[in-house]
Amino acid sequence: MMELLWLLLPVAAASGWWAARRGYAGRNGATVRSAEYFKGLNYLIDDKPDQAIEVFTRMADVDRDTAETHLALGNLFRRRGEVDRAIHIHGSLIARSNLTADQRRRAMLELGEDYLRAGLFDRAEALFRELVDQPDHMEVAIPRLIYIFQQEKDWRQAIAYCDRLERIGGESKRRETAHFCCELAEEASARQEDAEARTWLLDALARDPDCARASLLLGRLAMRAGDHRAAITAFQAVERQDRGYFPEVIAPLGQCYSALGCLDQWVCYLREVQERDHGGRITDALAEWLLQQEGEDAALQFLERELREYPTLLGLRRLVEIKLARGEGAEYADLRALQCISTQMLNGAARYRCANCGFVVKSLHWCCPSCQQWNAIKPMPDLVMKTSG
Ligand SMILES: [Zn+2]
């Protein structure tokens, strides 16, 4: 109830102002208006929002003086989730010929918001496009258009409007536009147009030199072209740009070093990274390499030493698996149970988490489905139990 009262305050204020103003024109009219206003207010206080809205709607015969009441009333409906009614009010307002230019533009802005809320992006886009050249409204209209183009995956338009926003002194969108370039690169790559994809990725890095996604995609393109040296350079850049994404390049890096027959260099590099980051995936990758190259004892010694200081579920499971591979007898029953439990935990675990809102998911999303922030979802250093997503 209190929430609604607060929402209706602009309507009430506009109506009160209207009533006061009309007092100059006619005392009787003003008295009737005031009576209606207090009637509406009483409904609100009595917790009868529907009747209150009805009264305020009745008061709002459209002319220039009551346009403010209409705008406030339409906003109220939208905030209550009654988007159809908001669209009706703002739409009828725009249809009137007696509004000032500023009132008409504000009504267009509000109607655009209504359409956005209703998911009618094409209609919202048409309205915001009419407003982007208006100095008083462009700073609101441009971000709305950017949002619409992102929803429609029209990345070129999204980039163009982000650049325009930056030019008029709005916030920098370089991190976002780098991702939009990466989206275009992924589309080109899916069409096998690698040269175009590469151009977009270089554009992404020019916009945001720390765009790890661009390096990751450049590495994949180089791998596809059979250039493993170039792929290694691109994948290694990921660790410098944003260490959080390094787990994403462990497997392809291992493949590149393997293809070049340089596994010694691979393990040197992994150990170097591990000095800075003792996450479960790096530990697991190192243990796997030791197992293959130096045997069980070397892998076990490494894991026992590492896990004592940096316990991770992935490392623990690897340790149990290596020990189990040594025998099948009854004395291994406890280890088998431990393997079963750790596998169950890992199967039910989320691998990625949003640093902004905490949303957890099993696969990498460059834009968080929950808070819509780019570059916020990162691989977990180790795994956690999945609680959502
Ligand atoms: Zn998020």
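Residues numbered from 1 in each chain as written. Predicted model: local features only at pLDDT ≥ 70, side-chain atom pairs only at ≥ 80, totals over all residues.

Scanning the protein chain from terminus to terminus reveals 19 helices and three strands. When the 389 residues of the protein chain are sorted by exposure, 38% land in the buried category. (Helix = DSSP H or I, 4+ residues; strand = E, 2+ residues; numbered from the N terminus. Buried ≥ 20, exposed ≤ 12 C-beta atoms within 10 Å, placed from the backbone.)

For any two helices packed against each other, one specifies the crossing angle of their axes together with the interaxial distance. Put simply, helix 4 (residues 67-79) and helix 5 (residues 83-95) touch, their axes get as near as 7 Å, and they point 160 degrees apart. Our classification of the angle between helix 4 and helix 5 gives roughly antiparallel. Once helix 4 is placed against helix 5, the crossing between them reads as left-handed. Judged by residue contacts, Ala-67, His-70, Leu-73, Gly-74, Phe-77 and Arg-78 of helix 4 engage Val-83, Arg-85, Ala-86, Ile-89, His-90 and Leu-93 from helix 5. Considering only residue class, the contact of helix 4 with helix 5 consists of seven nonpolar, three polar and two charged. (Axes fitted to C-alpha atoms, helices over the stretch in contact; angles between N-to-C directions. Parallel < 35°, antiparallel > 145°, perpendicular 65-115°, else oblique. Left-handed = near helix turned anticlockwise from the far one by under 90°. Contact = placed C-beta atoms within 7 Å. Nonpolar A, V, L, I, M, F, W, Y, C, P; charged D, E, K, R; others polar.)

With two bridges joining them, strand 1 (residues 349-354) and strand 2 (residues 360-361) adopt antiparallel strand pairing. Pairing of Tyr-352 across the sheet is with Val-361, part of strand 2. Between strand 1 and strand 2, which pair antiparallel one after the other, the connecting turn spans five residues, and Gly-358 there sits at a positive phi close to 85 degrees. (Pairing = 2+ DSSP bridges.)

Turning our eyes to something else, we now look at helix 18 (residues 313-324). For the α-helix, the turn length of 3.6 residues means that residues three or four positions removed from each other point alike. Taking 1.5 Å per residue, twelve residues should reach 16 Å; helix 18 reaches 16 Å between its end C-alpha atoms and fits that length. Residues of helix 18 that are buried include every one of Leu-314, Gly-315, Leu-316, Arg-317, Arg-318, Leu-319 and Val-320, and no others. (Expected span 1.5 Å × (residues − 1).)

Topologically, Ala-126 is positioned in helix 7 (residues 121-131). The exposure class of Ala-126 is partly exposed, given the 13 C-beta atoms found within 10 Å. In the structure, Ala-126 is positioned 19 residues away from Leu-145 in sequence and 9.4 Å away in space, judged by C-alpha atoms.

Next up on the list: helix 14 (residues 247-260). Its 14 residues place the ends of helix 14 21 Å apart at the C-alpha level, agreeing with the 20 Å of an ideal helix rising 1.5 Å per residue. Turning to helix 14, its buried residues are Pro-247, Glu-248, Val-249, Ile-250, Leu-253, Cys-256 and Tyr-257. Where helix 14 ends, the next residue or the one after it, Gly-261, has phi of about 70 degrees, a positive value.

Moving on, we come to the packing of helix 18 against helix 19 (residues 333-347). At a minimum axis distance of 9 Å, the contact between helix 18 and helix 19 shows a crossing angle of 145 degrees. Considering how the two elements wind past one another, helix 18 and helix 19 form a crossing that is left-handed. Of helix 19, the residues touching helix 18 (which contributes Leu-313, Leu-316, Arg-317, Val-320, Glu-321, Lys-323 and Leu-324) are Leu-335, Arg-336, Leu-338, Gln-339, Ser-342, Thr-343, Met-345 and Leu-346.

Cys-181 and Leu-201 are the most contacted members of the largest nonpolar core, which has 77 residues in total. By size, the runner-up hydrophobic cluster in this structure holds six residues, among which are Cys-354, Val-360, Cys-368 and Ile-377. (Core = buried A, V, L, I, M, F, W, Y, C linked by C-beta atoms within 7 Å.)

Phi at Gln-372 is positive, roughly 65 degrees, even though this residue is not glycine. In this fold, Gln-372 is placed in the loop between strand 2 and strand 3 (377-385). Assessed through the 13 C-beta atoms surrounding it within 10 Å, Gln-372 is described here as partly exposed. Phi at Asn-375 takes a positive value of approximately 65 degrees, unusual for a residue other than glycine. Within the fold, Asn-375 resides in the loop between strand 2 and strand 3.

On average, residues of the protein chain score 83 in pLDDT, and 81% of them are at 70 or above. With pLDDT under 50 throughout, residues 17-27 is counted as low confidence; its partners more than four residues away or in other chains account for 13 contacts. Scored below 50 in pLDDT, residues 384-389 shows 18 contacts in the model against residues more than four places distant or in partner chains. (pLDDT = per-residue confidence, 0-100.)

What follows covers the environment of Trp-155. Turning to its location among the elements, Trp-155 is positioned in helix 9 (residues 155-167). For Trp-155, the residues in contact, after removing those within four places along its chain, are Phe-180, Glu-183 and Leu-184.

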